[in-house]
Each structure stands twice: as structure tokens, then as C-alpha cells.
Amino acid sequence: EQPQTFRIAAVPADGVGIEVVEAGRAVLEAIAGAASGRFAFAWQDFPWGSEYYANHGRMMAEDGLDQLKDFDAIYFGAVGWPTVPDHVSLWGLRLKICQSFDQWANIRPVEFLPGIQSPLRKADTTDLNWVVVRENSEGEYAGFGGRNFAGRGPGGEVAVQSAVFTEAGCERIIRFAFDLARGRAHKKVSSVTKSNAQQYGMVLWDDVFARVATDYPDVETESVLVDAMSAKFVLRPEDLSVVVASNLNADILSDLGSALAGSLGLAASANLNPERRFPSMFEPVHGSAPDIAGQGVCNPVGAIGSAALMLDHFGLHDEAKRVHRAIEATTGSGIRTRDVGGTATTREVTAAIIDNLAG
Ligand code: NAI
Ligand code: MG
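Everything numeric here is computed off the predicted structure, so don't read it as measured data.

Right, let's get into the overall build of the chain. The helix and strand tally for the chain stands at eleven helices and twelve strands. In terms of overall size, the chain behaves like a compact globule, its C-alpha atoms giving a radius of gyration of 20 Å where 359 residues would be expected to give roughly 21 Å. With respect to the principal axes defined by its C-alpha atoms, the chain has extents near 60 × 50 × 45 Å. Out of the 359 residues belonging to the chain, those deemed buried represent 47%. Considering only residue pairs separated by 6 or more positions, the chain has 75% of its internal contacts joining residues 24 or more positions apart.

Structure, rendered in C-alpha cells:
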């Protein structure tokens with residue numbers, strides 16, 4: 001019997017993205033190696049990012065989306081480097097892929113790992129974990145607006161950055177959040193907006209949330225303003241299970257969540273096209289970390305956790321669980337990078353996780 005082969009496009013891009021994608025690939029190869037030929041991964045590398053920009057004046061090949069569209073998944077590092085304005089690098093690669101491939105659901109688990117100290121005192125005694133579900137196709141990152149209207153130049157410039165909310169866009173992400181909550185021990189969805197101040201788009205979101213909630217009477221709900229939710233992340237995190245929010249708000253909340261769990265380097269993420277018309281993309285939450293890039297000390301756990309989310313997406317649920325257990329065994333045994341208080345290198349942590357896959 002032919003093994004099932006999953007085709008993965010690797011886009012490490014910039015800075016620590018290159019180091020953590022190498023780490024995640026090594027873990028996935030180890031998983032495939034232990035699968036007794038049941039499945040395999042076929043990789044292709046795409047050298048896009050800020051260096052590519054320096055040579056070609058663009059962040060990815062002109063037909064880059066065409067090159068990616070038939071892969072089973074995209075494994076992404078991080079994009080951004082001081083040589084390219086951040087809005088150019090982000091829109092030219094990561095946001096371009098997310099938006100063009102309609103990866104409208106961005107899943108960002110917040111997990112507290114053994115052996116890693118959280119700044120939350122509660123984390124010592126309370127079992128904490130929740131998932132941020134981020135609307136990933138519209139909202140504040142719709143790219144809608146303009147600058148320099150009516151010939152206004154320097155000194156008198158005007159810029160408009162509009163958030164775009166559609167009923168269909170709100171509904172699909174909110175339903176996704178409810179479906180996810182149904183599979184969790186704590187069946188609850190917290191919806192986050194700022195609808196007291198943003199009275200059009202976010203009130204539409206609130207209305208859709210209230211309507212969809214009636215289809216899920218078994219799931220507990222709450223609507224919380226984003227400023228209050230940021231306080232709740234710190235003060236009452238045990239009350240959270242699935243947190244659904246717009247593009248910008250969920251982006252901010254997921255960094256807060258990962259910092260509470262101990263480090264930005266720990267947090268995993270999946271950009272899903274749930275209809276599977278296009279490849280989904282798996283990436284750590286963090287950016288390219290220019291301050292520590294190239295030193296071999298960045299934390300690979302976020303990227304490796306993202307690889308586990310990719311295994312889940314492929315239906316390889318047992319393998320995904322094995323990766324999670326191996327991460328826990330590794331942090332629990334004290335093998336940690338320095339952002340979480342250890343002294344191990346990226347490669348040492350990766351090697352330990354691979355060793356622990358067997359256990
Ligand atoms: P960042 O996430 O790269 O770094 C923030 C802080 O977290 C830094 O102190 C960094 O050292 C630390 N950190 C990040 N990842 C780490 C890891 N794996 N291990 C240990 N420590 C880690 O965010 P920053 O500095 O705001 O942005 C740097 C660049 O990354 C910018 O060009 C930005 O536009 C880009 N960026 C890209 C993202 C993406 O591609 N998805 C997401 C966020 C930022
Ligand atoms: Mg972010």
C-alpha cells in the first residue's frame with residue numbers, strides 16, 4: 001500500500017522564523033519516520049521574505065500564490081526585518097496568503113506547560129487553558145482605506161483605516177467558535193468586541209453572536225468588551241474556554257495569552273480555510289524576533305505546537321497528541337530556552353522533544 005503523502009510548503013521567511021521552521025520540520029520528520037510507512041511528508045522550500053525583497057523588490061514570487069495553492073498545508077515561520085517597512089513585509093507575504101486563501105479562522109490555543117513559570121499566580125494552582133479564535137479575513141485588517149486625500153500633503157495628511165464587518169464573515173467565525181466549544185470540557189464561548197464605542201461593525205458582530213447562540217443552547221455564552229477582556233485574561237482566566245474576537249482584538253489578546261502562559265515563544269497558531277478549498281497555514285504566534293535571531297536560542301515550542309495543529313488538520317490526531325506530550329515532557333524536565341528561564345538552545349530543546357516522542 002502506498003503511504004499517504006502530505007505535501008507541505010515551507011515558508012520560513014525572516015529572523016527566528018528560519019530557526020523555528022527547521023525545528024518543527026525535524027519533529028514532523030521524526031513523527032513520519034516512526035509511522036512505519038503509513039504516511040510521509042513531501043516538503044518544498046520557498047525562500048521568500050525580506051531578503052527576497054532586497055533582491056526582487058517583492059516579498060514573494062509574482063505567481064507565488066499559484067505555486068502554493070495545491071499544497072496540503074503551508075508551514076510558516078515569521079515575516080519582518082528592519083530593512084523593510086513592517087506593513088510592506090506583512091501585507092506582501094503573510095496577510096497576502098491568509099487573505100487570498102480565505103484562511104478565515106485563526107486558532108490560537110493558550111496552554112500552560114509544566115515547568116514553565118507563568119506571571120499569573122493562579123497558574124500554580126488552577127488548571128488553565130483556553131483558545132483564542134480570531135476572525136482572520138476582514139475586520140480591522142481588511143486593508144480598506146486610504147491616505148493623502150484631496151492633495152493633502154505632508155503636515156496636513158489625512159488617513160482613513162476602515163474596519164469591514166460582514167454578516168457572513170461574523171457568522172462563520174462565530175459558528176466556528178461554538179462548534180469548537182462543543183468539543184471542549186468547558187462548553188463556553190466568550191465574544192469580544194468594543195461595540196460601545198464602535199457602533200456599526202461591532203454591533204453587527206454582537207447581533208450575529210446573539211442570534212447564533214440560540215442554535216447552541218448547550219453552550220454557555222458571554223459578551224465582553226475588549227478592554228474588560230484583557231483584564232479578565234489576567235484576573236479570571238479560569239472562566240475562559242473559547243474566546244472569539246475580531247482580527248485586531250484577537251491578535252492583541254493572543255499575545256497577552258501567550259505572555260501569561262510564560263512566553264511569546266510558546267504560542268501556536270493555525271490559519272484555517274475550513275472549507276479546504278485552499279491550503280491552511282500553520283505558524284507560531286510570534287514574529288521574527290530580530291533581537292535574538294541567528295543566535296540559536298529562540299524557543300521552538302510555538303512552531304512545534306503549530307506543527308501539531310497541522311497534524312490535527314491532516315487527521316493525524318494521535319500523532320498530534322504525541323507531539324503535545326513530548327513538549328510537556330521536555331519543558332517539565334527543565335529543558336528550556338532562556339525566554340522561559342532555561343539555558344538550552346533551540347536545537348537542544350528540539351532534540352529533547354524528538355527524544356520524548358518515543359515516550
Ligand atoms: P516578536 O514576536 O518578533 O518579538 C517580541 C519579543 O518576543 C522579542 O523580545 C522577542 O525576542 C521575543 N520572542 C519572539 N519569539 C520568540 C521565540 N520564539 N523565542 C524567544 N523569544 C521570542 O515581535 P516584534 O519584535 O514586535 O516584531 C519583530 C518583527 O516581526 C516585525 O518585523 C514584525 O512586523 C514581525 N511580526 C511578524 C509576525 C508574523 O509573521 N506572523 C507576527 C508579529 C510580528
Ligand atoms: Mg500578532
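This part is about the site of ligand 1. Ligand 1 sits among 23 residues. The nearest are Gly-80, Gly-265, His-286, Gly-287 and Asn-299. For the shell around ligand 1, the secondary-structure elements that each account for two or more residues are helix H1 (16-33) and helix H4 (86-100). Ranked by the residues each element gives to the shell around ligand 1, the list is headed by H4, at three residues. Class assignment of the residues belonging to the shell around ligand 1 gives a composition of ten nonpolar, eight polar and five charged.

Along H4, the sharpest change in direction is near 40° and occurs at Arg-94. Within H4 the residues assigned to the buried category are Ser-89, Gly-92, Leu-93, Arg-94, Ile-97 and Cys-98. Structurally, H4 contributes buried residues whose contacts are with strand E1 (4-13), helix H2 (50-56), helix H3 (64-68), strand E3 (73-78), strand E11 (268-272) and strand E12 (280-284). Where H4 ends, the next residue or the one after it, Asp-102, has phi of about 45°, a positive value.

Here we come to the domain arrangement of the chain. When cut into domains, the chain gives domain 1 (1-107 + 266-359) and domain 2 (118-261). Here domain 1 and domain 2 have C-alpha centroids that lie 24 Å from each other. On the domain 2 side, the residues contacting the 15 residues of domain 1 number 15 residues. Those elements that place two or more of their residues in the side of domain 1 that touches domain 2 are H4 and strand E4 (105-111). Counting residues per element, the side of domain 1 that touches domain 2 draws most heavily on H4, at four residues.

Across the sheet, ten strands lie side by side as E2-E1-E3-E12-E11-E4-E5-E10-E8-E9; this open sheet has mixed pairing. In this open sheet, the two edge strands, each paired with only one partner strand, are strand E2 (39-45) and strand E9 (220-225). Strand-to-strand twist across the sheet, computed as the mean angle between neighbouring axes with direction ignored, equals 25°. Across three bridges, E3 lies against E12 in parallel orientation. Along E12, the bridge assignment pairs Ala-73 with Ser-280. Strands E1, E2, E3 and E12 of the sheet are contacted by H1, whose axis makes an angle of about 140° with E3. Lying over the sheet, helix H7 (residues 226-235) contacts strand E8 (188-193), E9 and strand E10 (242-245), oriented at roughly 110° with respect to E9.

Here the focus is the UniProt feature "domain: Isopropylmalate dehydrogenase-like" (unreviewed entry) in the chain. Summarizing the sequence annotation, UniProt attributes the feature "domain: Isopropylmalate dehydrogenase-like" (unreviewed entry) to residues 7-353 in the numbering used throughout. For residues 7-353, the helix share is 39%, the strand share is 22%, and the end-to-end C-alpha distance is 23 Å.

This part takes up the packing of helix H10 (residues 317-332) against helix H11 (residues 346-357). It is at 8 Å that the axes of H10 and H11 come closest, and there the two elements cross at 125°. Judged on the interaxial angle alone, H11 and H10 are oblique. For the pair H10 and H11, the crossing hand works out as right-handed. Together, Arg-322, Ala-326, Ile-327, Ala-329 and Thr-330 of H10 and Val-349, Ala-352, Ile-353, Asn-356 and Leu-357 of H11 make up the contact between the two elements. Looking at the contact of H10 with H11 residue by residue, the classes come out as seven nonpolar, two polar and one charged.

With six of six residues buried, E3 lies mostly within the body of the structure. Two elements, E1 and E3, share five bridges in a ladder whose sense is parallel. The residue of E3 that forms the bridge with Ile-8 is Ala-73.

Here we come to the environment of Trp-48. With respect to the element layout, Trp-48 can be found in the loop between E2 and H2. Judged by the 24 C-beta atoms lying within 10 Å of it, Trp-48 is buried. Distance in space between the C-alpha atoms of Trp-48 and Gly-155 is 36 Å, their sequence separation being 107 residues. Those residues in contact with Trp-48 that sit more than four places away from it in its chain are Val-11, Ala-13, Met-59, Met-60, Gly-64 and Leu-93.

With that out of the way, let us pick up the confidence of the model for the chain. Mean pLDDT for the chain: 96, with 100% of residues reaching 70 or above. What the predictor reports for the complex is a pTM of 0.96 with an ipTM of 0.98.

Below, the discussion takes up the packing of helix H5 (residues 167-182) against helix H6 (residues 201-213). Orientation of H5 relative to H6, taken along the N-to-C sense of each, is 45°, at an axis distance of 9 Å. Relative to H6, the element H5 lies oblique. For H5 against H6, the interelement crossing comes out right-handed. Two secondary-structure elements touch here, H5 through Glu-167, Cys-170, Glu-171, Ile-174, Arg-175 and Phe-178 and H6 through Leu-204, Trp-205, Val-208, Phe-209 and Val-212. Looking at the contact of H5 with H6 residue by residue, the class counts come to eight nonpolar, no polar and three charged.

Rules of the game
- Residues numbered from 1 in each chain as written.
- Chains lettered and ligands numbered in written order.
- Predicted model: local features only at pLDDT ≥ 70, side-chain atom pairs only at ≥ 80, totals over all residues.
- Helix = DSSP H or I, 4+ residues; strand = E, 2+ residues; numbered from the N terminus.
- Rg over C-alpha atoms; globule rule 2.2 N^0.38 Å.
- Buried ≥ 20, exposed ≤ 12 C-beta atoms within 10 Å, placed from the backbone.
- Contact = placed C-beta atoms within 7 Å.
- Near = placed C-beta within 6 Å.
- Nonpolar A, V, L, I, M, F, W, Y, C, P; charged D, E, K, R; others polar.
- Bend = angle between axes of the 7 residues up to and from the residue.
- Domains from an automatic or database assignment.
- Pairing = 2+ DSSP bridges.
- Axes fitted to C-alpha atoms, helices over the stretch in contact; angles between N-to-C directions.
- UniProt positions renumbered as here; feature names shortened; annotations may be inferred.
- Parallel < 35°, antiparallel > 145°, perpendicular 65-115°, else oblique.
- Left-handed = near helix turned anticlockwise from the far one by under 90°.
- pLDDT = per-residue confidence, 0-100.

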